[in-house]
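Spelled out from the first residue to the last, the chains are:
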Amino acid sequence: MTTTTSSTTTSLTNNSHVLSWVDEMAKLTKPERIVWCDGSDEENKRLTELAVSQGVLEPLNQQKLPGCYYSRSNPNDVARVEHLTFICTPTKEEAGPTNNWMAPDEGYAKLSRLFDGSMKGRTMYVVPYVMGPVGSPMSKVGVELTDSVYVVLNMRIMTRMGKQALDHLGPSPDFNRGLHSTLDVNPERRFICHFPQDNTIWSIGSGYGGNVLLGKKCLALRIGSYLGQKEGWLAEHMLILGVENPQGETFYVAAAFPSACGKTNFAMLIPPAHYKGWKVYTVGDDIAWMRVGEDGRLWAINPEAGYFGVAPGTSLKSNPNAMKTILSNTLFTNVAKTDDGDVWWEGKDGEPPDHLTDWQGKPWVKGQSKEKAAHPNARFTAPAINNPALSPKWNDPKGVPISAIIFGGRRATTVPLVQEAFNWTHGVYFGATMGSETTAAATGQVGIVRRDPMAMLPFCGYNVGDYFTHWLDMQKRIPNPPRIFMVNWFRQSPTGKFLWPGFGDNMRVLKWIIDRVEGRVGADETLIGLVPRRKDFDTVALDVSAQDVDAAMRVDAHEWEQELEQQGEWFEKVGSRMPRTLKLHRELLLERVKQWTGQA
Ligand code: OXD
Ligand code: MN
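Counting restarts for each chain, with residues numbered from 1 along the sequence as it is written. Chain labels run from A onward and ligand labels from 1 onward, assigned in the order the entries are written. Predicted model: local features are reported for residues with pLDDT of at least 70 only, side-chain atom pairs are reported and counted for 80 or more only, and whole-chain, interface and lining totals are derived from all residues. Side-chain calculation: all heavy atoms of the structure are included, whereas hydrogens and water are not.

## Re the overall build of the protein
For the protein, the helix and strand inventory stands at 16 helices and 31 strands. Our radius of gyration looks at C-alpha atoms and nothing else; its globule reference is 2.2 Å times the residue count to the power 0.38. Relative to the 2.2 N^0.38 estimate, which gives 25 Å for 600 residues, the radius of gyration of the protein is 24 Å and therefore close to what a compact globule would have. With the C-alpha coordinates of the protein rotated into their principal frame, the extents come out at 80 × 55 × 55 Å. Using a 1.4 Å probe on the protein chains alone, a residue whose accessible area is under 20% of its type maximum counts as buried, one over 50% counts as exposed, and one in between counts as partly exposed. Counting the 600 residues in the protein, one finds 61% classified as buried. The contact rule is simple, with two residues in contact once any of their heavy atoms fall within 4.5 Å. Considering only intrachain contacts with a sequence separation of at least 6, the fraction spanning at least 24 residues in the protein is 73%. Carbon together with sulfur atoms contributes 51% to the accessible area of the protein, which is approximately 23300 Å² in total. Counting rule for charge: Lys and Arg are taken as positive, Asp and Glu as negative, and neither His nor the chain ends is counted. Charged groups are reduced to one reference atom each: NZ for lysine, CZ for arginine, CG for aspartic acid, CD for glutamic acid. Charged side chains in the protein number 64 positive and 66 negative. The centres of these two groups are separated by 0 Å. Counting from the N terminus, the helices are the DSSP runs of H or I reaching at least four residues and the strands are the DSSP runs of E reaching at least two. Each accessible area is a Shrake-Rupley result for a 1.4 Å probe, and residues are judged covered by the shown protein chains and nothing else.

## Considerations on the sheet that holds strand E3 (residues 69–71)
A sheet is described by the order of its strands in space; here five strands give the open sequence E2-E3-E19-E24-E18, paired in mixed fashion. The strands lining the two open edges of the sheet, one partner per strand, are strand E2 (58–59) and strand E18 (306–310). Across five bridges, the pairing between E18 and strand E24 (residues 379–383) is antiparallel. Across the sheet, the residue bridging to Gly-306 is Pro-383, located in E24. By the convention used here, strands pair only if DSSP detects at least 2 bridges between them.

## A few points about the nonpolar core
Put simply, buried Ala, Val, Leu, Ile, Met, Phe, Trp, Tyr and Cys residues joined by side-chain atoms within 4.5 Å make one nonpolar core. Ranked by internal contacts, the top residues of the largest apolar core, which has 93 residues, are Met-290, Phe-407, Phe-468 and Trp-471. Discounting residues that sit within four places of it in the chain, Phe-407 has contacts with Met-238, Ala-256, Gly-427, Phe-430, Gly-431, Met-434, Met-454, Trp-471, Ile-484, Phe-485, Met-486 and Val-487. If you look at the next biggest cluster of nonpolar residues, it comprises 39 residues, including Ala-255, Leu-499, Val-509 and Ile-514.

## What about the site of ligand 1?
Nearness is defined per residue: one heavy atom within 4 Å of the molecule or strand is enough. By nearness alone, every residue bordering ligand 1 is listed as Arg-80, Lys-217, His-237, Ser-259, Asp-286, Arg-379 and Phe-459. Here a polar contact means two N or O atoms within 3.5 Å. Within protein one must be a hydrogen donor candidate and the other an acceptor candidate, and residues neighboring in sequence count only if both atoms are side-chain atoms. Separating an oxygen atom of ligand 1 from a side-chain N or O atom of His-237 is a distance of 3.3 Å. One of the side-chain nitrogen or oxygen atoms of Asp-286 is found 3.2 Å away from an oxygen atom of ligand 1. Calculation on ligand 1 without its partners gives an accessible area of 210 Å², and the protein chains cover 88% of this total.

## Side note on the coordination of the manganese ion (ligand 2)
Metal-coordinating donors are taken as N, O and S atoms lying within 2.8 Å of the metal, or within 3.2 Å when the metal is Na, K or Ca; because water is left out, some sites can appear incomplete. Coordination of the manganese ion (ligand 2) by the protein comes from Lys-217 (NZ), His-237 (NE2) and Asp-286 (OD), over a distance range of 2.2 Å. Considered as a linear motif, the donors of the manganese ion (ligand 2) on their single chain read K-x19-H-x48-D. Placement of the pair is Lys-217 in helix H8 (residues 215–231) and His-237 in the loop between strand E12 (234–236) and strand E13 (238–244), with a sequence separation of 20 residues. Classification of His-237 by relative accessible area gives buried; the value is 1%.

## Regarding the side chain of His-470
Of note, His-470 is situated in helix H12 (residues 464–477). The class of His-470 is buried, set by a relative accessible area of 7%. A polar contact of 2.7 Å, which involves the side chain of His-470, links it to the backbone oxygen of Trp-233. Discounting residues that sit within four places of it in the chain, His-470 has contacts with Gly-228, Gln-229, Gly-232, Trp-233, Leu-234 and Tyr-462.

## Considerations on the sheet that holds strand E20 (residues 336–338)
Pairing in this open sheet of four strands is antiparallel, and the strands run E21-E20-E22-E23 from one edge to the other. Edge positions in the sheet fall to strand E21 (343–344) and strand E23 (363–365), since each of these pairs with one other strand and no more. As judged from the two bridges shared by E20 and strand E22 (residues 355–357), these two strands associate in the antiparallel manner. Note on E22: the bridge partner recorded for Thr-338 is Leu-356.

## Observations concerning the pattern of salt bridges
Salt bridge, as applied in this entry: a Lys or Arg side-chain nitrogen positioned within 4 Å of an Asp or Glu carboxyl oxygen. Summed over all chains, the structure comprises 44 salt bridges. With its nearest N and O atoms 3.4 Å apart, the salt bridge here joins Arg-46 to Glu-42. In this pair, Arg-46 and Glu-42 are both assigned in helix H2 (residues 41–53), four residues apart and thus about one turn of the helix distant. Arg-46 gets classed as partly exposed once you look at its relative accessible area, which sits at 39%. A salt bridge links Arg-190 to Asp-77; its shortest N-O distance comes to 3.8 Å. Here the residue Arg-190 occupies a position in the loop between strand E9 (176–181) and strand E10 (191–195), and Asp-77 occupies one in the loop between E3 and strand E4 (85–87), the gap between them amounting to 113 residues. There is no split in this pair, since Arg-190 and Asp-77 are both buried. One network of salt bridges, in which partners are shared, links Lys-216, Lys-217, Lys-263, Asp-286 and Glu-304.

## Remarks on the environment of Gln-360
Counting through the fold element by element, Gln-360 comes out in the loop between E22 and E23. Take Gln-360: its relative accessible area is 31%, and that puts it in the partly exposed class. Remark: the alpha-carbon pair of Gln-360 and Ala-336, spanning 24 residues in sequence, is separated by 8.4 Å. In this view, Gln-360 contacts Arg-72, Pro-75 and Glu-371; residues no more than four positions away in its chain are not counted.

Encoded structure:
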């Protein structure tokens, strides 16, 4: 071997645990050189220029979009790969029925064979990063070793990266060990393996964000949820927002929605015009880490420092704050490009230009090209500090106190626009049974519900039954718990029309939730939860008929009978670790519903 591997020592840290691990991984992957990332502006400039010279990034129009660059991924590598994502725990039972499992020895052996020499002739970047505000006791450090300059530049936006992370870590061995190589970007040699017991992630064969920005889904959710269970806190797939009322009081809410259900839009919501003096602030758009504070409330931080958002559908109508956020220092992946170096995607404002270069680099002509110009999962990676609605507390090491937790699926039927849980157990039940309908047009089975508990189906790093138990147990730790709500923006009429307009009008639902938290309004008790009394629900200047609002809010006992039966099938799938409390809770609800419909 004739590599000119540079020294694994660095002036950035003398943490012996970091140094010896980097050394060990370099011996395995055999890079030509090792570059330690300090996170400086100078480094960002240098690496951006390098990425441009290598064709990894293309500069966009710097007058219109200063500091913005464009990247195209391999067409075989455009999304997270759930079937190639593994939880490597000593037993299969620990990973549970919703995860792919591999034994740790097998995982290390299999991936070592692939990583062996995978960085020959390449640079290994050492990327130290903090998830969460620097100096916060709620934050965690990771170090990602990667041979992708694209990953480094994205990590710089998405995390607090560089020397600050090594300073935060000090001499401690407590950091996540992330190893990533793009190898030859071949789905046959692509694996995303998590070793929760070792706080380690090995990802190979992909260059796509969710698989390779290891701080995000891999550390902040999969490993994070495991650490949360062990250490008594919650790592959740939730946005965090603050709502300020005209009196200047701010209430913070955390909300879980499945991927691609508009979390970024909700986190950046602009209230309707008549909400004078109200303001919504973004703390985070994807992930919340929540711990009990000294005051007995649940406090949340957003572990991320940027947004890795879906571009298609983002417009001045759907999300004006996002459109402002992505005007500078943003990386775009797999969107389309205009002839003057601007970006475009389906659902952006206005008519598509006559001519574009599509996400695969091919010419795209309006009215002629059949394929979409941007990939449906095209992304922007944008710094949080660009967001005009960014909360002044987003970087607060204490986090923000959570008054309400919202769960929301994408349901065409059954689930009302909003309901409040009777108690903590019922709220956990909301989360555990959350789901979205598949259209399943190909098989004709419309209305099959894919359960996505707490929106964590692809992200829970341990047995989902134990995860439910952990949620139930958290009640003991939280003397002043948040109230729990369930929302559904996606209910449809029998003819398939959406009953609720969503977007900014979701403020009306948020207002009711805040009113409940403050004890300002009562609620009607139904068999399955507490729903708004019409007089308390704001419909001023709402462009929807009263009948449609009623239909969106309706609780139909017959629909619920079917729903509760189906929830039983889901609980069966969870298997032996499904908490008895939630099973009994389902039986109780079902029994009452059956009494109502006359079936009992
Ligand atoms: C995401 C996801 O990218 O949930 O945030 O898939
Ligand atoms: Mn997400």
